[in-house]
Amino acid sequence: MTTDVLIIGGGVIGLCIARELAYDHSVTVVERGRCGMAASNAAAGMLGAQAEAYGDDAFFRLCVESREMFPGLASSLLDETQIDVGLDRTGTLLLNFTEADIAARSERFAWQKAAGFAIEQLPAEAVRREEPFISTDVLGGFYLPDDGQVDNRKLVEALRASCEMRSVKIIEGTAVDRLAVDSGKVTGAFARDTRFSAGTVVLAAGAWGTSVQAGFELPFLIKPMRGQILMFRTAKRLFKHVIVGPRGYIVPRADGRVLSGATMDDAGFDDSITNEATAHLIESTAEISPSLGSLKPQEAWTGFRPYAPDRLPVLGRVPNAEGLILALGHFRNGILLSPVTAKLAAAELRGTGSMPTGFSPSRFYPAAA
Ligand SMILES: Cc1cc2nc3c(=O)[nH]c(=O)nc-3n(C[C@H](O)[C@H](O)[C@H](O)COP(=O)(O)OP(=O)(O)OC[C@H]3O[C@@H](n4cnc5c(N)ncnc54)[C@H](O)[C@@H]3O)c2cc1C
């Protein structure tokens, strides 16, 4: 079959790009399993542009730009699909338990304040007034009103529905094994003996991105970083904010589910749920809220964050392969970065803009060193 754009991988990144390009291209998504069931299903859905930042760099600015795209994305998905993606901009609260926490975070967030980003330091009473079910050991906190969360499972469901409404062809249960390359140009891909021909191929296969045979050398590997999450359930929603403690975070959903995450284990593609991780997550939850931590977790799951050697996204064209765009390596922030990735990939493909050079695959080629 022939299509303008072939997207390999139907996670949040592939679906978001497909939806964007479907305005003016015929688009096919080929997904090995079911769309949105890998990392995009496992995530906690935090939109933590500020909470996750350690410096005012291109990556931070990309995260902020993407975070600001969520209200528009959520409302257009609601209009189109009637699916509410649970965008919640109540903000993120970081808890301080020691004077050392306060000092470290004051220093860490000073540059954000100086650059004009919203951040408030709160005394213990104010934090407990906001969140009555947290630990009484809390000395205070930092409040980031513009960070928030989205229900990532609803997001992929809505993206998929929107893609279908925009005539994106979605082929599930089909693993691409190799790209089709003719005279240095990528012209499609093969899944066993089936050939998909395309004007442009977008590789968005998450942690498996560099396992698809390219037929030419890619000077870097995308690897998996396992994350484990526990889900607690309360009869009604007890927490207003995403709450970050010293050793983990909790993400309260509107229906009373509370996600506690997440570990960072370099364990290849082993999807086990380990006793150590479960014990650690229960402990970090109890540190934030002893009453929540005393409940029995209802569910546990793992997922694989896709990461590049420098842990930054890999976005854009590959120097030695015309017709190929990479959208890989979103690591800890792929849900957050999905709308801006789609915007940039679409502009690159349409020739109306180009990907920021700091995230280009070119950085891994010797000439860029
Ligand atoms: C525990 C955990 C917590 C996280 N929390 C957050 C968070 O709070 N906020 C945030 O922004 N991000 C978070 N992330 C990161 C985020 O989930 C990822 O960065 C994001 O989902 C990556 O999306 P993706 O589409 O690239 O990958 P995936 O969702 O993994 O999708 C890739 C798809 O490609 C398919 N595929 C692979 N190989 C092939 C092939 N050969 N042929 C066809 N299809 C193929 C796979 O089946 C899969 O469906 C978290 C991740 C984990 C694991």
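Residues numbered from 1 in each chain as written. Predicted model: local features only at pLDDT ≥ 70, side-chain atom pairs only at ≥ 80, totals over all residues. Heavy atoms only, no water.

### Examining the side chain of threonine 302
Line of reasoning, step 1. Mapped onto the fold, threonine 302 is located in strand 16 (residues 299-307).
Line of reasoning, step 2. In this structure threonine 302 touches Ala42, Arg226, Gly227, Gln228, Asp271, Ser272 and Ile273, once residues within four positions along its chain are discounted. (Helix = DSSP H or I, 4+ residues; strand = E, 2+ residues; numbered from the N terminus. Contact = heavy atoms within 4.5 Å.)

### A look at the environment of arginine 129
Line of reasoning, step 1. For arginine 129, the location among the structural elements is in helix 5 (residues 124-130).
Line of reasoning, step 2. Note on arginine 129: relative accessible area 63%, which makes it exposed.
Line of reasoning, step 3. Each C-alpha atom, one on arginine 129 and one on arginine 253, is 20 Å from the other, the two residues being 124 residues apart in sequence. (Buried < 20%, exposed > 50% of the residue type's maximum accessible area, 1.4 Å probe, protein only.)

### Here's the deal with the sheet that holds strand 15 (residues 257-261)
Line of reasoning, step 1. Strands sit in the order 5-6-4-13-14-15-12-16 across an open sheet of eight strands; the sheet is mixed. Strands at the two margins of the open sheet, each flanked by one partner only, are strand 5 (120-123) and strand 16. If you compare each strand with its neighbour and ignore which way they point, the axes differ by 25° on average.
Line of reasoning, step 2. Here five bridges tie strand 4 (residues 92-96) to strand 6 (residues 140-144), and the two strands are oriented antiparallel to one another. Note that in strand 6 the partner of leucine 95 across the bridge is glycine 141. (Pairing = 2+ DSSP bridges. Axes fitted to C-alpha atoms, helices over the stretch in contact; angles between N-to-C directions.)

### Digging into unusual backbone geometry
Line of reasoning, step 1. Not every positive phi belongs to a glycine, and glutamine 82 is a case in point at roughly 65°.
Line of reasoning, step 2. Along the polypeptide, glutamine 82 turns up in the loop between helix 3 (58-81) and strand 4.
Line of reasoning, step 3. Despite not being glycine, phenylalanine 331 shows a phi value in the positive range, around 45°.
Line of reasoning, step 4. Tracing the backbone shows phenylalanine 331 in the loop between strand 18 (321-328) and helix 9 (338-350).
Line of reasoning, step 5. Using a relative accessible area of 11% as the deciding quantity, one classes phenylalanine 331 as buried.

### Examining the site of the ligand
Line of reasoning, step 1. The immediate surroundings of the ligand are formed by 38 residues, with Glu31, Ser40, Met46, Val176 and Leu336 found nearest.
Line of reasoning, step 2. With respect to the ligand, the backbone of arginine 332 contributes an N or O atom lying 2.9 Å from a nitrogen atom.
Line of reasoning, step 3. With the chains in place, 97% of the 1000 Å² that the ligand exposes on its own is no longer accessible.
Line of reasoning, step 4. Those elements that provide at least two residues to the shell around the ligand are helix 1 (12-21), helix 2 (39-42), strand 12 (223-233) and strand 16.
Line of reasoning, step 5. Per element, the largest residue contribution to the shell around the ligand is four residues, and it comes from strand 16. (Near = heavy atom within 4 Å. Polar contact = N/O pair within 3.5 Å; in protein donor to acceptor, adjacent residues only side chain to side chain. Areas by Shrake-Rupley, 256 points an atom, 1.4 Å probe, with all protein chains shown as cover.)

### Observations regarding the pairing of strand 6
Line of reasoning, step 1. Of all the five residues making up strand 6, five are buried; the element is thus mostly covered by neighbouring parts of the structure.
Line of reasoning, step 2. Neither face of strand 6 is left uncovered, since the one carrying Gly140, Phe142 and Leu144 and the one carrying Gly141 and Tyr143 both have all their residues buried.
Line of reasoning, step 3. Direction of pairing for strand 5 relative to strand 6: antiparallel, over a ladder of four bridges. Its bridge partner being in strand 6, proline 123 is matched across the sheet by glycine 140.

### Examining the domain arrangement of the chain
Line of reasoning, step 1. Parsing the chain into structural domains produces domain 1 (2-78 + 152-222 + 309-368) and domain 2 (92-145 + 223-306).
Line of reasoning, step 2. A separation of 28 Å is found between the C-alpha centroids of domain 1 and domain 2.
Line of reasoning, step 3. Contact with domain 1, which involves 28 residues of that partner, is made by 26 residues of domain 2.
Line of reasoning, step 4. Around 2300 Å² of area is buried between domain 1 and domain 2 when both sides are counted, 64% of it from carbon and sulfur atoms.
Line of reasoning, step 5. Considering only the surface of domain 1 that becomes buried against domain 2, Met46, Gln50 and Phe331 emerge as the three largest contributors, covering 24% of it.
Line of reasoning, step 6. Taken together, the connections running from domain 1 to domain 2 amount to nine residue pairs in polar contact (both at pLDDT 80 or more). (Domains from an automatic or database assignment. Buried area = accessible area lost by both parts, 1.4 Å probe.)

### Side note on the pattern of salt bridges
Line of reasoning, step 1. What the rule picks out here adds up to 24 salt bridges.
Line of reasoning, step 2. A salt bridge links glutamate 130 to lysine 240; its shortest N-O distance comes to 3.5 Å. Taken together, the residues span a long stretch of sequence, with glutamate 130 in helix 5 and lysine 240 in the loop between strand 12 and strand 13 (242-244) at a distance of 110 residues.
Line of reasoning, step 3. Owing to a relative accessible area of 39%, lysine 240 belongs among the partly exposed residues under this scheme.
Line of reasoning, step 4. A salt bridge links arginine 247 to glutamate 287; its shortest N-O distance comes to 2.4 Å. (Salt bridge = Lys/Arg side-chain N within 4 Å of Asp/Glu carboxyl O.)

### Some remarks on the packing of helix 3 against helix 9
Line of reasoning, step 1. Packing of helix 3 against helix 9 brings their axes to within 7 Å, and their N-to-C directions diverge by 95°. In terms of axis orientation, helix 3 runs roughly perpendicular to helix 9. Listed contacts from helix 9 to Leu62, Glu65, Ser66, Met69, Phe70 and Leu73 of helix 3 are Ser338, Pro339, Val340, Lys343 and Leu344.
Line of reasoning, step 2. Residues belonging to the contact of helix 3 with helix 9 are distributed by class as follows: seven nonpolar, two polar and two charged. (Parallel < 35°, antiparallel > 145°, perpendicular 65-115°, else oblique. Nonpolar A, V, L, I, M, F, W, Y, C, P; charged D, E, K, R; others polar.)

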